[in-house]
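In case you want the letters, here they are:
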Amino acid sequence: MKNIKDNILYEDQQGNIYLKREIDIINEKNSQNNQFRFFDLVFYKDSTYQLKNIVDIKTFHFVKSVTDTVPLSKFDVFEDKMHTYKFQHLPPTSPEIKAMDK
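Per-chain numbering applies: the sequence of each chain, read as written, is numbered from 1 onward. Residue-level local features of this predicted model are given only where pLDDT is at least 70; pairs of side-chain atoms are given and counted only at 80 or more, and the full residue set underlies all totals for whole chains, interfaces and linings. The basis for every side-chain value is the complete set of heavy atoms in the structure, and neither hydrogens nor water enter the calculation.

1. Focus: the packing of aromatic side chains
Between rings of Phe, Tyr and Trp, where Trp is taken as its six-membered ring, a pair exists when centres lie within 6.5 Å; planes separated by under 30 degrees are stacked, by over 60 edge-to-face, and by other angles tilted. In total, this model carries six aromatic pairs according to the counting rule given. Seen from their ring centres, F62 and F78 are 5.5 Å apart, and the 70° between their planes marks the pair as edge-to-face. With F62 in strand 7 (residues 61-68) and F78 in strand 8 (residues 73-79), the pair connects residues that are 16 residues apart, well separated along the chain. Judged by relative accessible area, which is 0%, F78 ranks as buried. Per the convention used, a helix needs a DSSP run of H or I reaching at least four residues, while a strand needs a run of E reaching at least two, with both numbered from the N terminus. Per-residue accessibility, obtained with a 1.4 Å probe over protein chains only, is compared with the maximum for each type, and a residue is labelled buried under 20%, exposed over 50%, and partly exposed between these values.

2. Overview of the sheet that holds strand 3 (residues 17-23)
Read from one edge of the open sheet, four strands run 1-2-3-4, paired in antiparallel fashion. Here the strands that pair on one side only, and so sit at the sheet edges, are strand 1 (2-5) and strand 4 (35-39). Shown here is a sheet whose adjacent strand axes are inclined to one another by a mean of 40°, direction ignored. Relative to strand 4, strand 3 runs antiparallel, the two being bridged by five bridges. Among the inter-strand pairings, E22 is bridged to a residue of strand 4, identified as F36. Strands were regarded as paired on the criterion that DSSP finds at least two bridges between them. Fitted lines through C-alpha atoms give the axes, limited to the stretch in contact for helices. The angle between two N-to-C directions lies from 0 to 180 degrees.

3. Focus: the environment of K81
With respect to the element layout, K81 can be found in the loop between strand 8 and strand 9 (83-90). Considered as a pair, K81 and T59 are 22 residues apart in the sequence and their alpha carbons are 5.9 Å apart. Those residues in contact with K81 that sit more than four places away from it in its chain are D56, T59 and K102. Contacts were defined at the residue level, with two residues in contact if any of their heavy atoms lie within 4.5 Å.

4. Examining the pairing of strand 5 (residues 41-44)
Across the two faces of strand 5 the burial differs, with V42 and Y44 buried and L41 and F43 not buried at all. Where strand 5 lies against strand 6 (residues 47-50), four bridges are found, and the strand directions are antiparallel. The residue bridging F43 from the neighbouring strand is T48, located in strand 6. Hairpin geometry of strand 5 and strand 6 is characterised by an intervening segment of two residues between the two adjacent antiparallel strands and by a positive phi of about 50° at K45. Sheet topology note: the strand 5/strand 10 (residues 97-101) ladder contains two bridges and is parallel. Each residue of the ladder has a partner; that of V42, found in strand 10, is I97.

This is how it looks when you write it as structure tokens:
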């Protein structure tokens, strides 16, 4: 995989685009924290898309990280010229990336 935008967007040999995020992994078998994972599915307008089909790479950028205490949730916000993206760390969701129009 090669970095195509600010160490947050990567592309594989097939042209798929991935969002790289650091996530906490804590369970009985694996006590390591802060492992990097790559995500390519986006929930947008009641459907799931590949990130490559929705993102504008040139204008995509990190906005902020948010941690709410009630209810406990943690997410990162990104934007491009058309969409706002929310990457959900906690609680876990699938897909982890949600997009909405600006």
